[in-house]
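# Breakdown of the fold
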Amino acid sequence: MKFYIATDHAGFVIKDFVKDYVTSKGHEIIDLGPHTDERVDYPDYAKKCAGMVVEDKGSFGILICGTGIGISIAANKVAGIRAALCHDAYTAAMTRAHNDANILCFGERVVGKGVIESMIDAFCETEFEGGRHAGRVEKIEGCAFGADI
Ligand code: RB5
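Here's a quick rundown of the structure. What you are looking at is a predicted structure, and each value in this text was computed from that prediction instead of being measured.

Cut-offs applied
- Residues numbered from 1 in each chain as written.
- Predicted model: local features only at pLDDT ≥ 70, side-chain atom pairs only at ≥ 80, totals over all residues.
- Heavy atoms only, no water.
- Near = heavy atom within 4 Å.
- Polar contact = N/O pair within 3.5 Å; in protein donor to acceptor, adjacent residues only side chain to side chain.
- Areas by Shrake-Rupley, 256 points an atom, 1.4 Å probe, with all protein chains shown as cover.
- Nonpolar A, V, L, I, M, F, W, Y, C, P; charged D, E, K, R; others polar.
- Phe/Tyr/Trp six-rings, centres within 6.5 Å; stacked < 30°, edge-to-face > 60°.
- Helix = DSSP H or I, 4+ residues; strand = E, 2+ residues; numbered from the N terminus.
- Buried < 20%, exposed > 50% of the residue type's maximum accessible area, 1.4 Å probe, protein only.

### Focus: the site of the ligand
Taken together, D8, H9, A10, Y42, C65, G66, T67, G70 and R109 form the complete shell of residues around the ligand. Here an oxygen atom of the ligand and a backbone polar atom of G70 are 2.8 Å apart. Calculation on the ligand without its partners gives an accessible area of 290 Å², and the protein chains cover 73% of this total. Among the residues making up the shell around the ligand, the classes are represented as 3 nonpolar, 4 polar and 2 charged.

### Topic: the packing of aromatic side chains
Summed over all chains, the structure comprises 3 aromatic pairs. Centre to centre, the rings of F3 and F123 are 6.4 Å apart; their planes meet at 45°, and the pair counts as tilted. Of this pair, F3 sits in strand β1 (residues 2-7) while F123 sits in helix α5 (residues 113-125), placing them 120 residues apart in sequence. Assigned by exposure class, F3 and F123 land together as buried. Residue F123 is classed as buried on the basis of its relative accessible area of 0%. In textbook terms, an aromatic cluster arises when at least three aromatic residues are bridged by ring pairs, as seen for F3, F60 and F123.

Okay, structure coming up:
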């Protein structure tokens with residue numbers, strides 16, 4: 001799988017650990033920054049990563065901030081993005097299976113390294129189930145354009 005990763009300053013410290021883990025599992029990961037620990041605004045990095053995931057069809061993203069909340073909210077403003085704030089392997093697997101999530105989000109201040117590894121494994125190993133979930137995912141895109149659902 002091909003991933004893009006971005007964080008804010010509150011997700012910066014864990015970024016290299018995540019990159020190393022994803023690479024060790026045989027995936028590609030491209031670092032969109034930040035490249036120092038200076039304070040930055042998470043919407044800027046959410047937009048950067050979300051834009052790449054939409055542009056590069058079939059790719060995925062990982063977004064990290066302090067809680068994972070702000071960066072996931074911001075990413076979900078981009079049409080075509082389904083950014084899921086996860087807290088464990090179960091939520092990471094379910095968001096691939098049912099929501100066809102294309103960005104995994106979490107909080108550096110919330111989850112530890114073992115949980116992060118298990119979330120990445122679950123996200124990578126779980127396929128979208130389609131079927132009854134496909135129409136629901138299509139309706140999410142309708143929401144992004146303000147359609148009447
Ligand atoms: C930064 O202090 C923090 O607000 C940010 O990383 C994130 O947790 C926001 O949702």
